[in-house]
Amino acid sequence: MTPARPLSFPCLAPVAAAIALLVACGGSSPDPAPDVAVKVAGIAVDPSGSPVVLLEEREGGRALPIWIGLAEAHSIAAEIEQRRPPRPNSHDLAKRLIEDLEGAVERVVVTGLREGTYYAVIFLTARGQRLEVDARPSDAIALALRCGAPLFVREALFDDVERARRPAPEERAL
């Protein structure tokens, strides 16, 4: 089995081409970093009007807020509330394409935060091969909810976010 190169797709519109490419490329590399199981605790709007999805640790008290787009917030909320749109959206399309290509979403992992942007990976199996697809967390979460796939956050990401929230020692002394 030849390892697949991780591919990055900023939106789900070209999903058919992406999945076909991944199936043609083969497997993936092992996933060495520990992950923490999370659930979607809810969607809120911050004071500026931006939607935020809150991921909450299943076994613990940590939470991770991720700012997302309005369309993705509507898609995630609709799936949580089991509201079906009159026409499928891009996340519904992605699910159908994956299933029609004899694939399944194994899990979704929010993997990192760089320069204020969160990153995620969708782990898939398709035709006996394990695949990884880079994705925006909002798209990955919406897809995981539709597919019944578990959600995770890298342990190191929780640690990084916690460190960023703590005041620096010189700030605590004031």
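1. Things to note about the overall build of the protein
Item 1. Tallying secondary structure elements over the protein gives 6 helices and 8 strands in all.
Item 2. Its helices and strands in sequence order give the protein the pattern β-α-β-β-β-α-α-β-β-β-α-β-α-α, from N to C terminus.
Item 3. Going through the 174 residues of the protein one by one, you find that 40% of them count as buried.
Item 4. Sequence-distant contacts, at least 24 apart, represent 56% of the contacts inside the protein between residues at least 6 apart.

2. Focus: the confidence of the model for the protein
Item 1. Per-residue pLDDT for the protein averages 80, and the proportion of residues at 70 or more is 76%.
Item 2. Mean pLDDT in the protein bottoms out at strand E1 (residues 7-8), which sits at 35, and peaks at strand E8 (residues 151-154), which reaches 97.

3. Concerning the packing of aromatic side chains
Item 1. As enumerated under the stated definition, the model contains 0 aromatic pairs in all.
Item 2. One cation-aromatic arrangement involves Arg107 over Phe152; the distance from NZ or CZ to the ring centre is 5.9 Å.
Item 3. The ring of Tyr119 carries the charged tip of Arg114 above its face, separated from the ring centre by 3.7 Å.

4. Focus: helix H4 (residues 137-147)
Item 1. Judged by how many residues are buried, H4 sits mostly within the fold: 9 of 11 residues are covered.
Item 2. For H4, every residue scored as buried is listed here: Pro137, Ser138, Asp139, Ala140, Ile141, Ala142, Leu143, Ala144 and Arg146.

5. Comments concerning the pattern of salt bridges
Item 1. Taken as a whole, this structure holds 15 salt bridges when the rule is applied.
Item 2. With a closest N to O distance of 3.7 Å, Glu56 and Lys39 form a salt bridge. Taken together, the residues span a long stretch of sequence, with Glu56 in strand E3 (residues 51-57) and Lys39 in strand E2 (residues 35-45) at a distance of 17 residues.
Item 3. The shortest N-O distance in the salt bridge between Arg84 and Glu79 comes to 2.7 Å.
Item 4. Residue classification places Glu79 among the buried positions, given a relative accessible area of 7%.

6. Some thoughts on the packing of helix H3 (residues 90-100) against H4
Item 1. At a minimum axis distance of 9 Å, the contact between H3 and H4 shows a crossing angle of 60 degrees. What the angle tells us is that H3 and H4 run oblique. For the crossing formed where H3 meets H4, the hand is right-handed. Here His91, Asp92, Ala94, Lys95 and Ile98 of H3 lie close against H4, whose contacting residues are Asp139, Ala142, Leu143, Arg146 and Cys147.
Item 2. For the contact of H3 with H4, the per-class residue count stands at 5 nonpolar, 1 polar and 4 charged.

7. Let's talk about the pairing of E3
The side chains of a regular strand alternate, first on one face of the sheet and then on the other.
Item 1. For E3, the tally of buried residues reaches 5 of 7 residues, placing the bulk of the element in the interior.
Item 2. Strand direction decides the pairing type here: E2 and E3, joined by 7 bridges, are antiparallel. When the bridges of E3 are listed, Val38 appears paired with Glu57.
Item 3. Count of turn residues in the E2/E3 antiparallel hairpin: 5 residues, of which Gly49 carries a positive phi of about 95 degrees.
Item 4. As paired elements, E3 and strand E4 (residues 63-67) share 5 bridges and run antiparallel to each other. Within E4, the residue paired with Leu54 across the bridge is Pro65.
Item 5. The loop that links E3 with its antiparallel partner E4 comprises 5 residues; one of these, Gly60, has a positive phi angle of about 155 degrees.

Conventions and cut-offs
- Residues numbered from 1 in each chain as written.
- Predicted model: local features only at pLDDT ≥ 70, side-chain atom pairs only at ≥ 80, totals over all residues.
- Heavy atoms only, no water.
- Helix = DSSP H or I, 4+ residues; strand = E, 2+ residues; numbered from the N terminus.
- Buried < 20%, exposed > 50% of the residue type's maximum accessible area, 1.4 Å probe, protein only.
- Contact = heavy atoms within 4.5 Å.
- pLDDT = per-residue confidence, 0-100.
- Phe/Tyr/Trp six-rings, centres within 6.5 Å; stacked < 30°, edge-to-face > 60°.
- Lys NZ or Arg CZ within 6 Å of the ring centre and 35° of its normal.
- Salt bridge = Lys/Arg side-chain N within 4 Å of Asp/Glu carboxyl O.
- Axes fitted to C-alpha atoms, helices over the stretch in contact; angles between N-to-C directions.
- Parallel < 35°, antiparallel > 145°, perpendicular 65-115°, else oblique.
- Left-handed = near helix turned anticlockwise from the far one by under 90°.
- Nonpolar A, V, L, I, M, F, W, Y, C, P; charged D, E, K, R; others polar.
- Pairing = 2+ DSSP bridges.

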